[in-house]
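Chain residues, written in single-letter form:
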Amino acid sequence: AATSTAAAAVASALTRAMTPLARVAPELARGASSSSASSSSDEAAVPAREKESNALGRAPRPSDAFAVVALGSTQMKVTTDDLVFVEKMRNYDVNDEVDLRAVLMLGDASRTIVGRPTVRGARVRAIVEEHFRDAKKLVFKKRRRKGFQRTFGHRSELTGLRIVEIDHGGVLR
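Cut-offs used in this document
Residues numbered from 1 in each chain as written. Predicted model: local features only at pLDDT ≥ 70, side-chain atom pairs only at ≥ 80, totals over all residues. Heavy atoms only, no water. Salt bridge = Lys/Arg side-chain N within 4 Å of Asp/Glu carboxyl O. Helix = DSSP H or I, 4+ residues; strand = E, 2+ residues; numbered from the N terminus. Buried < 20%, exposed > 50% of the residue type's maximum accessible area, 1.4 Å probe, protein only. Pairing = 2+ DSSP bridges. Axes fitted to C-alpha atoms, helices over the stretch in contact; angles between N-to-C directions.

**Student:** Give a description of the pattern of salt bridges that names residues and reports values.
**Tutor:** By the definition in use, this model includes eight salt bridges. We note a salt bridge from Arg125 to Glu97, for which the minimum N-O separation is 3.1 Å. Within this pair, whereas Arg125 is found in strand E7 (residues 123-133), its partner Glu97 is found in strand E4 (residues 97-100), the two being separated by 28 residues in sequence. One salt bridge connects Asp134 with Lys137, and the closest N-O pair in it is separated by 2.9 Å. Exposure remark for Asp134: the relative accessible area of 24% places this residue in the partly exposed category. Salt bridges linked by common partners bring Asp99, Arg101, Arg123 and Asp167 together as one network.

In structure tokens form, the structure reads like this:
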């Protein structure tokens with residue numbers, strides 16, 4: 001008998017806790033009947049969205065192309081309109097155009113070309129958007145039990161490049 005009264009007390013407490021939801025959002029508190037109707041319409045909408053974005057059902061556009069470019073000691077995968085941050089390019093000012101010829105790989109929705117070591121005739125055009133300094137990185141050194149502690153930091157100088165065009169040089173046709 002004690003467990004049934006405890007269960008009744010829990011049920012009444014849950015009912016009281018659910019009452020504010022009915023006041024605040026009545027459409028959420030109505031129940032599963034309205035939510036099941038909306039979920040069936042959502043399920044019908046999802047395949048239509050997937051059909052629109054299906055890359056296999058249409059010819060590749062130039063904006064679908066990507067390139068892997070060597071920039072200094074790093075390699076980056078870029079597409080058109082990307083903003084990438086690289087080590088400072090001291091020879092270029094803001095709004096200068098940069099031709100990146102070290103294209104290691106090109107690709108689009110239908111095929112990929114790997115260079116040996118680079119793709120001949122391919123280039124990536126970029127515009128220098130800004131030169132800036134990265135946030136400070138702290139370096140802390142400690143040797144335990146020796147009383148040795150050193151803290152110092154540095155800020156890297158970076159350049160922001162906006163990728164304008166990926167020119168495949170007729171390789172992806």
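**Student:** Can you explain the sheet that holds strand E1 (residues 66-71)? Please cite residues and give values.
**Tutor:** The strand order across the open sheet formed by four strands is E2-E1-E5-E6, and the pairing between neighbours is antiparallel. Every interior strand has two partners, whereas the edge strands, strand E2 (74-79) and strand E6 (112-114), have only one. For this sheet the average axis-to-axis angle between neighbouring strands, irrespective of direction, equals 20 degrees. Note: E1 against strand E5 (residues 103-107), four bridges, orientation antiparallel. When the bridges of E5 are listed, Val68 appears paired with Met105.

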